[in-house]
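Notes for the structure review
One-letter residues, chain by chain:
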Amino acid sequence: MESFCADYTEVWVPSIMKPLVQFADRVRGIADTGLDLVGITPSPALKALEEFDEVISWYGTNRPEFRDVVSHLPFRFFPALPPPPGVPRIIVPEVPRTKILLHPFSGSSKKNWPPQRFHELLERLQGEWAIQPDGTPIIEDLYELACFLAHAKVYIGNDSGITHLAAAVGTPVVALFGPMDPAIWAPRTEKSVVIKREPMDQISVDEVADTVESLLRTYSTDGTGPGQ
């Protein structure tokens, strides 16, 4: 999104994502704008959308009924575009990289490495949880979580948004994949290594631990982050 910035840029995202969008002139939660009600009931979003010259919308790309409802408005609509070349980055303060962090969850159980394997890996590496074992985030604010992930020497996680967040702050990442295609969904950083097996229980603890140790050898620097 940052690459599309104009003289004035306003971003509407799920409210939980707002802290991550630090480049825009204004950031609003989708639910606060009424965008999710367009085409269902009269929505204040229609009036707000009249003020824009151009709209790039992931939301609208997936909803032809939305595009029909707003087709009379004066802005030019662009569907969601492939990400531009380059590595997504979230700028966070530099901190000592002292932790090995594990995140055992994702948006679907099909994308999760067996929890027992994570526990075995945690004990072997003497790591810490990025998310509590009961699923409770250590930190609710995603930008604060990004800052926390920057403390990691290495992060290990499933195919999830938190894995992308770790990669975006320059943390070396081991991303565990099952049914999804890493060519589309894997983090796009040189410090990310994907291990893919289907079913995911074919990924061994030894394989993940060896990959972690390789990343530690490769990216052991002065112990501060985010890495370059």
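For the structure given in this document, a descriptive report is provided here.

Digging into unusual backbone geometry
The omega torsion across Glu198 and Pro199 is 5°, close enough to zero to call that bond cis. Inspection of the secondary structure assignment puts Pro199 in the loop between strand E10 (192–196) and helix H9 (205–218). The phi dihedral of Gln126 is positive, around 55°, even though this residue is not glycine. Look at Gln126 and you get exposed, because its relative accessible area is 71%.

Looking at the pattern of salt bridges
Summed over the entire model, instances satisfying the criterion amount to eight salt bridges. The partner of Arg28 in a salt bridge is Glu10, and the shortest N-O contact between them spans 3.9 Å. Linking Arg28 in strand E2 (residues 26–29) with Glu10 in strand E1 (residues 10–13), this pair joins segments that are 18 residues apart in sequence. Take Arg28 and Glu10: they sit in the same class, and that class is buried.

Some details on the environment of Trp58
Of note, Trp58 is situated in helix H3 (residues 58–61). Residues Trp58 and Phe78, spaced 20 residues apart in sequence, show a C-alpha to C-alpha distance of 9.2 Å.

Observations regarding a nonpolar patch on the surface
On the surface, Met1, Ile56 and Trp58 cluster together into a nonpolar patch covering about 280 Å² of accessible area. Relative to the helices and strands, Ile56 resides in strand E3 (residues 54–57). Residue classification places Ile56 among the partly exposed positions, given a relative accessible area of 31%.

Description of helix H5 (residues 115–125)
Of all the residues in H5, the buried ones are Phe118, Leu121, Leu122 and Leu125. Projection of H5 onto a plane perpendicular to its axis shows the buried side chains occupying an angular sector of 105°, all on one side. Residues of H5 that are exposed and angled more than 90 degrees away from the buried face: Gln116 and Glu123. Contact partners of the buried residues in H5: strand E6 (99–103), strand E7 (128–129), strand E8 (152–158), strand E9 (173–177) and H9. Positive backbone phi, approximately 55°, marks Gln126, located one or two places after H5.

Structural notes on the environment of Gln22
Within the secondary structure, Gln22 is located in the loop between E1 and E2. Each C-alpha atom, one on Gln22 and one on Ile90, is 8.9 Å from the other, the two residues being 68 residues apart in sequence.

Thresholds, definitions, all that
- Residues numbered from 1 in each chain as written.
- Predicted model: local features only at pLDDT ≥ 70, side-chain atom pairs only at ≥ 80, totals over all residues.
- Heavy atoms only, no water.
- Helix = DSSP H or I, 4+ residues; strand = E, 2+ residues; numbered from the N terminus.
- Buried < 20%, exposed > 50% of the residue type's maximum accessible area, 1.4 Å probe, protein only.
- Salt bridge = Lys/Arg side-chain N within 4 Å of Asp/Glu carboxyl O.
- Patch = residues over 30% accessible without salt bridge, like charges linked within 9 Å, V, L, I, M, F, W, Y side chains within 5 Å.
- Areas by Shrake-Rupley, 256 points an atom, 1.4 Å probe, with all protein chains shown as cover.
- Arc of directions from axis to C-beta.
- Contact = heavy atoms within 4.5 Å.

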